[in-house]
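# Residue-level structure breakdown
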Amino acid sequence: GGKELSTAEVFAFGANKISKIINILLKQNKKAVYGIIAALNKKTPDEIADQNFISTGMQIREIIKDRELWDFFTSFARTEKKP
């Protein structure tokens, strides 16, 4: 059988993965990511750019967990693909 992970190990693993995802998103299109975070948090993209990485990471994590937002974007993407 496999080794069971402690809660702390699971948390550390998840935090590491989220951190990697955030870094990839920010490297690929920082302005767009800041714009989305800003719009959802009623701030400006400059305010998001000036805040610390942890705050930005927490906001991205909340966006990732928002099922209604994901449903909106996936339904929008489906309608965009139709000729």
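Just above sits the structure.
Remember, it's a predicted structure, so these values are computed and weren't measured experimentally. The residue numbers shown here count from 1 along each chain, following its written sequence. Only residues with pLDDT of at least 70 are given local features in this predicted model, and only at 80 or more are side-chain atom pairs given and counted; all residues enter the totals for whole chains, interfaces and linings. Side-chain numbers come from the whole structure's heavy atoms, not from hydrogens or water.

What follows is about the nonpolar core. The definition of a nonpolar core used throughout is a set of buried Ala, Val, Leu, Ile, Met, Phe, Trp, Tyr and Cys residues joined through side-chain atoms within 4.5 Å. Remark: exposure states derive from per-residue accessible area (1.4 Å probe, protein chains only) relative to the maximum for the residue type, with buried under 20%, exposed over 50%, and partly exposed in between. Core analysis: the largest hydrophobic core is formed by 10 residues, namely Ile 22, Leu 26, Val 33, Tyr 34, Ile 37, Ala 38, Ile 48, Ile 60, Ile 63 and Leu 69. Secondary structure elements are defined from DSSP: runs of H or I of at least 4 residues count as helices, runs of E of at least 2 residues count as strands, and each element is numbered from the N terminus. When contributions to this core are tallied by element, the ones reaching two or more residues are helix 1 (7-40) and helix 3 (53-65). The leading source of residues in this core is helix 1, at six residues. The contact criterion used is simple: two residues touch if any of their non-hydrogen atoms lie within 4.5 Å. If we ignore the near neighbours within four places in the chain, the residues touching Leu 69 are Leu 40 and Ile 63.

One can find Gln 51 in the loop between helix 2 (45-50) and helix 3. A relative accessible area of 18% means that Gln 51 is categorised as buried. Under this definition, polar contacts are N or O atom pairs within 3.5 Å; protein pairs additionally need one hydrogen-donor-capable and one acceptor-capable atom, and for neighbouring residues in sequence, both atoms have to be side-chain atoms. Within the local environment of Gln 51, its side chain forms a polar contact with the side chain of Thr 56, the two groups lying 3.1 Å apart. The contact partners of Gln 51, leaving out residues within four places of it in the chain, are Lys 43, Thr 56 and Gln 59.

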